[in-house]
Amino acid sequence: MSYPISPWSKVQFREFRAGEVPQVLILSYQRCGSSFFGQLFGGHREAFYAYEPLDGLYVSLYGTKMGWNVPADITNYPNGTER
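Residues numbered from 1 in each chain as written. Predicted model: local features only at pLDDT ≥ 70, side-chain atom pairs only at ≥ 80, totals over all residues. Heavy atoms only, no water.

Visitor: Break down a nonpolar patch on the surface for me, with residues and values.
Guide: A contiguous nonpolar patch, built from V24, I26, F37, F41, Y49 and Y51 and spanning about 580 Å² of accessible area, is present on the exposed surface. Mapped onto the secondary structure, Y49 falls in the loop between helix 1 (34–42) and helix 2 (55–62). (Patch = residues over 30% accessible without salt bridge, like charges linked within 9 Å, V, L, I, M, F, W, Y side chains within 5 Å. Areas by Shrake-Rupley, 256 points an atom, 1.4 Å probe, with all protein chains shown as cover. Salt bridge = Lys/Arg side-chain N within 4 Å of Asp/Glu carboxyl O. Helix = DSSP H or I, 4+ residues; strand = E, 2+ residues; numbered from the N terminus.)

Visitor: If you had to explain the packing of aromatic side chains to someone new, which residues and values would you point to?
Guide: Any pair of aromatic rings gets described here by the distance separating the centres and the angle formed by the planes. This structure, assessed with the given rule, holds one aromatic pair. Ring geometry for F37 versus F41: centroids 5.9 Å apart, planes at 20 degrees, classification stacked. Of the two residues, F37 and F41 both sit in helix 1, four residues apart, roughly one turn of that helix. Given a relative accessible area of 41%, F37 falls into the partly exposed group. For F41, a relative accessible area of 32% translates into the label partly exposed. (Phe/Tyr/Trp six-rings, centres within 6.5 Å; stacked < 30°, edge-to-face > 60°. Buried < 20%, exposed > 50% of the residue type's maximum accessible area, 1.4 Å probe, protein only.)

Visitor: Can you explain the pattern of salt bridges? Please cite residues and give values.
Guide: Counting across every chain of the model gives one salt bridge. A salt bridge links R45 to E46; the nearest nitrogen and oxygen atoms lie 3.1 Å apart. For R45, a relative accessible area of 74% corresponds to the exposed category.

Below is the structure:
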């Protein structure tokens, strides 16, 4: 059986079947409590949590430092000039 989100929505929810493993992808914006939520979510033995999964990609592609990458880090060199 499926349930509408709201009377105006075309998106449907459905119940999970017994033995079915739900897959969840959670995206968030920086500085919104996402690390705290990730630690809570990742604390479950059957959950997987990847902290800042794209940070390594930014470092490899743009030569930025690990952690705290923001759009300005990608578009500018460390001295502030544009890439």
